[in-house]
Amino acid sequence: MRIFVAGATGVVGRVLIPQLIAAGHQVSGISRSSAGMAGLRHQGATAFQGDVFDRDALKQIVVEAAPDVVMQQLTDLSTADSEATDTVRRLGTRNLVEAAKNAGVQRIVAQSLAFGYAPGDAPADESAPLDRDAEEQRRGMVEGVEALEETAAELRDAVLLRYGVLYGPGTWYAPDGPAAAALAGDPAASFLGSVEANDSVVSFVHVRDAARAAVDALEWPSGPVNITDDEPAAAREWVPVYAASLGLPAPRPTSGKLDWARGATNTLARSRGWQPEFPSWRTGFAAQLS
Ligand SMILES: NC(=O)c1ccc[n+]([C@@H]2O[C@H](COP(=O)([O-])OP(=O)(O)OC[C@H]3O[C@@H](n4cnc5c(N)ncnc54)[C@H](OP(=O)(O)O)[C@@H]3O)[C@@H](O)[C@H]2O)c1
């Protein structure tokens, strides 16, 4: 297939491009920078320079790329700027979907997230409602994700990959990332705050498994699907393992949790044949160092 990737140079995109090429697809991608384009070419993809906020230019690019499928792996999170990411999810997805329609593309695979569900006692499956009553900043994120999913679903086929918290190279949880720095007590990492070993439950997914799901999703039916590992876990369980993987002391366990922090199940993705290389953060964190 011919695949056009927006977000091709991000933490998932960088891993996804070689996986798509290895699976025999012809891949093109967009980046705003010359360095991003050079990286894409080096990986064997066709590179276009452009900004997804430039609607008309994006239309021309997608016509030229002539894909069978567009992929949306866009965020703007390198400085944890949630407002910028809300905008790229809303407007970037809108422009990408309009460009796809204009080019006669009927299928999209888009990056959503698995921690936007309303509070609940157990990890959420895809039928759980989104957290539309959340406090303001979280509600902005949830609404941005909902807009992304609804816009993508205007195409005939739309697979919405609800990723858990990403870890692996280039992520916040990489050994050189801000979570590791926060655990080590580096104030420069402050945008993530502290890493607390409390009762909040999270579902992780390694970037290689997130990318593999996007490749697999080329053949999946439309709709949302959680892409999370097998082991949703409270911070008091995963933080000590994460700290040990970095050779750092674990913070003292604390009580309390964010009410929405419940994790998500991957039964649907697994039923479609997705097999994570890292079924648990227990082995995945340690593998970040190898
Ligand atoms: N589920 C999760 O936990 C989750 C999901 C996503 C990201 N994150 C975290 O966020 C951090 C940053 O992510 P990242 O490295 O992927 O970087 P990023 O800065 O969020 O960029 C991601 C991708 O979006 C593209 N992009 C953004 N705005 C664009 C625009 N206006 N036009 C065209 N392309 C645009 C970027 O392309 P160019 O810059 O090349 O133009 C890049 O390919 C990481 O630490 C990651 O762990 C977490």
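Per chain, the residues get numbers from 1 upward, laid out in the order the sequence is written. Confidence filtering applies because this is a predicted model: local features only for residues at pLDDT of at least 70, side-chain atom pairs given and counted only at 80 or more, and all residues used for totals across whole chains, interfaces and linings. Calculation of side-chain values draws on the structure's entire complement of heavy atoms; hydrogens and water are dropped beforehand.

The name given to the protein in an unreviewed UniProt entry is dTDP-glucose 4,6-dehydratase, and the organism recorded there is Streptomyces antimycoticus.

Participant: It is not clear to me how the overall build of the protein should be interpreted in this structure. Could you clarify?
Facilitator: In DSSP terms, a helix is any run of H or I states spanning at least four residues, a strand is any run of E spanning at least two, and both are numbered starting from the N terminus. Within the protein, the regular secondary structure consists of 10 helices and 11 strands. The cut-offs for exposure are 20% and 50% of the maximum accessible area for each residue type, with area from a 1.4 Å probe on protein chains only; residues under the lower value are buried, those over the upper are exposed, and the others partly exposed. The buried share of the protein, taken over its 290 residues, is 52%. Whether two residues are in contact is decided by their heavy atoms: any pair within 4.5 Å suffices. Counting contacts in the protein only where the partners sit at least 6 residues apart, residues at least 24 apart contribute 76% of the total. Using a 1.4 Å probe, accessible areas were evaluated by the Shrake-Rupley method; residue-level cover was limited to the displayed protein chains. Surface summary for the protein: the accessible area is close to 12600 Å², and the carbon and sulfur share equals 50%. In this charge count, Lys and Arg are treated as positive and Asp and Glu as negative; neither His nor the chain ends contribute. In plain terms, the charge of a residue is placed at NZ if it is Lys, CZ if Arg, CG if Asp and CD if Glu. Taking the average place of the 25 positive charges on the side chains of the protein and the average place of its 36 negative ones, the gap between the two points comes to 3 Å.

Participant: Explain helix α2 (residues 34-43) here, please?
Facilitator: The α-helix winds at 3.6 residues per turn, so residues separated by three or four positions along the chain end up facing the same way. Within the span of α2, buried status applies to G36, M37 and L40. The buried residues of α2 occupy one face: seen down the axis, they fall within an arc of 100°. Exposed and oriented more than 90 degrees from the buried face of α2 are S34, A35 and H42. Residues of α2 that are buried make contact with α1 (13-22), β2 (26-31) and β3 (46-49). In this description, one arc is meant: the one made by directions from the helix axis to the C-beta atoms.

Participant: Hey, could you run me through the environment of A57 in this one?
Facilitator: Mapped onto the secondary structure, A57 falls in helix α3 (residues 55-65). Since its relative accessible area comes to 27%, A57 is described here as partly exposed.

Participant: What's the story with the pairing of strand β10 (residues 223-227) in this structure? I'm lost.
Facilitator: A regular strand places its side chains so that they alternate between the two faces of the sheet. A large share of β10 lies buried, amounting to 4 of its 5 residues. Any two strands with at least two DSSP bridges between them are considered paired. Where strand β6 (residues 157-163) meets β10, 5 bridges bridge the pair, whose relative direction is parallel. Opposite L160, over in β10, you have P224 as the bridge partner.

Participant: Hey, could you run me through the site of the ligand in this one?
Facilitator: Throughout this document, a residue counts as near a molecule or strand when at least one of its heavy atoms sits within 4 Å of that molecule or strand. Near the ligand, the surroundings consist of 25 residues, among which T9, V11, S31, R32 and T75 are the closest. L77 is positioned with one of its backbone polar atoms (N or O) 2.8 Å from an oxygen atom of the ligand. Considering the ligand on its own, with 900 Å² of exposed area, one finds that the protein chains cover 91% of that surface. Taken together, the residues of the shell around the ligand break down into 11 nonpolar, 11 polar and 3 charged. Whenever two N or O atoms come within 3.5 Å, that pair is a polar contact, provided that in protein one can donate a hydrogen and the other can accept it, and provided that, for residues adjacent in sequence, both atoms are side-chain atoms. Residue type decides the class: Asp, Glu, Lys and Arg count as charged, Ala, Val, Leu, Ile, Met, Phe, Trp, Tyr, Cys and Pro as nonpolar, and the leftover types, Gly among them, as polar.

Participant: What is the right way to read the side chain of D209 from this model?
Facilitator: Relative to the helices and strands, D209 is located in helix α7 (residues 207-216). Setting aside anything within four residues of it in sequence, one finds D209 in contact with I227, W274, Q275, P276, E277 and F278.

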